[in-house]
Amino acid sequence: DRHNCTMRAAGVSTLCFSVFTGPTMRIDIHTHAFHPKIAHKAVDHLNNFYAVACAGDGTIDHLLAREKHAGVDKCVVLCAATTPAQVIPANNYAASLQNAHDEVIGFGTLHPGYANWEAELRRIRAAGLRGLKLHPDFQGFRLDDARLLPIFEAAQKDFIFEIHIGDNTSPEKN
């Protein structure tokens, strides 16, 4: 018996899919939680850039409270490094969230300008992160950037890619 549902949780659309009869696990596949030191700044940036009013304060505690209230069982928390220097701190934070909260499925990040990406892939694989978030607009690259090809090749068997596309602004102007 097949069953599909959609719902709104934590301000984003959530898709649920169950192939088998019985309880359905609801997973919000696109969320963000920022380190408490930068959460306010990150939310303000998103509000201004997208001309929206983000639901929440950007912290993991607020996100998990909203997800629980909405009946969501797990959430994929996406981290992105807007510069190469942010790759390790972003991935450390993603791993720490996943380790501290059973409800969190952590997605790390890479940046095509990060020289030691192969070692970082090994490190985040060992940390149990399940995917990689790329945000070409904020990270300042295009998806046809040749530096991405070896990253895609090396990561495709172990990670799910979540790639933010569709902004009206070109990467050069972001």
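I will try to describe carefully the structure that is included in this document. (Residues numbered from 1 in each chain as written. Predicted model: local features only at pLDDT ≥ 70, side-chain atom pairs only at ≥ 80, totals over all residues. Heavy atoms only, no water.)

1. Looking at the sheet that holds strand S6 (residues 131-134)
Turning to step 1, where the next piece is worked out: Read from one edge of the open sheet, five strands run S3-S4-S5-S6-S7, paired in parallel fashion. The outermost strands of the open sheet, each flanked by one partner alone, are strand S3 (27-31) and strand S7 (160-163). When the angles between neighbouring strand axes are averaged without regard to direction, this sheet yields 25°.
Turning to step 2, where the next piece is worked out: Bridge count between strand S4 (residues 74-78) and strand S5 (residues 104-109): four bridges; the pairing is parallel. Opposite Val76, over in S5, you have Ile105 as the bridge partner.
Turning to step 3, where the next piece is worked out: Running over the sheet, helix H6 (residues 148-155) touches S6 and S7 and is turned about 140° from S7. (Pairing = 2+ DSSP bridges. Helix = DSSP H or I, 4+ residues; strand = E, 2+ residues; numbered from the N terminus. Axes fitted to C-alpha atoms, helices over the stretch in contact; angles between N-to-C directions. Contact = heavy atoms within 4.5 Å.)

2. A closer look at the side chain of Asp28
Turning to step 1, where the next piece is worked out: Note on placement: Asp28 falls in strand S3.
Turning to step 2, where the next piece is worked out: Lacking a salt bridge, the buried Asp28 has Arg66 as its closest oppositely charged neighbour, with an N-O distance of 8.4 Å.
Turning to step 3, where the next piece is worked out: In this structure the side chain of Asp28 is engaged in a polar contact, spanning 3.3 Å, whose partner is the backbone nitrogen of His30. (Buried < 20%, exposed > 50% of the residue type's maximum accessible area, 1.4 Å probe, protein only. Lys, Arg positive; Asp, Glu negative; His and termini not counted. Salt bridge = Lys/Arg side-chain N within 4 Å of Asp/Glu carboxyl O. Polar contact = N/O pair within 3.5 Å; in protein donor to acceptor, adjacent residues only side chain to side chain.)

3. Re the pattern of salt bridges
Turning to step 1, where the next piece is worked out: Going through the model one piece at a time under the given rule, you end up with five salt bridges.
Turning to step 2, where the next piece is worked out: Close ionic contact of Arg142 with Asp144 constitutes a salt bridge, the shortest N to O distance being 3.6 Å.
Turning to step 3, where the next piece is worked out: Close ionic contact of Arg147 with Asp145 constitutes a salt bridge, the shortest N to O distance being 2.7 Å.
Turning to step 4, where the next piece is worked out: Judged by its relative accessible area of 39%, Arg147 is partly exposed.
Turning to step 5, where the next piece is worked out: With a relative accessible area of 17%, Asp145 lands in the buried category.

4. Some words on the packing of aromatic side chains
Turning to step 1, where the next piece is worked out: Counted under the stated rule, the structure contains four aromatic pairs.
Turning to step 2, where the next piece is worked out: Judged by centre distance (4.9 Å) and plane angle (75°), the rings of Phe49 and Phe138 are edge-to-face. Of this pair, Phe49 sits in helix H1 (residues 39-50) while Phe138 sits in helix H5 (residues 136-139), and the two are 89 residues apart along the sequence.
Turning to step 3, where the next piece is worked out: The exposure class assigned to Phe49 is partly exposed, which follows from its relative accessible area of 28%. (Phe/Tyr/Trp six-rings, centres within 6.5 Å; stacked < 30°, edge-to-face > 60°.)

5. Notes on the pairing of S5
Turning to step 1, where the next piece is worked out: The buried fraction of S5 amounts to six of the six residues, a majority that puts the element mostly inside the structure.
Turning to step 2, where the next piece is worked out: Judged by which residues are buried, S5 turns out to be covered on both faces: Val104, Gly106 and Gly108 on one side and Ile105, Phe107 and Thr109 on the other are all buried.
Turning to step 3, where the next piece is worked out: Of the crossover connections in this fold, the one passing from S4 over helix H3 (residues 87-100) to the parallel S5 is right-handed.
Turning to step 4, where the next piece is worked out: As judged from the three bridges shared by S5 and S6, these two strands associate in the parallel manner. Within S6, the residue paired with Phe107 across the bridge is Gly131.
Turning to step 5, where the next piece is worked out: One crossover worth recording links S5 to the parallel S6 by way of helix H4 (residues 117-126), and it is right-handed. (Right-handed = clockwise from strand over helix to strand, strands pointing away.)

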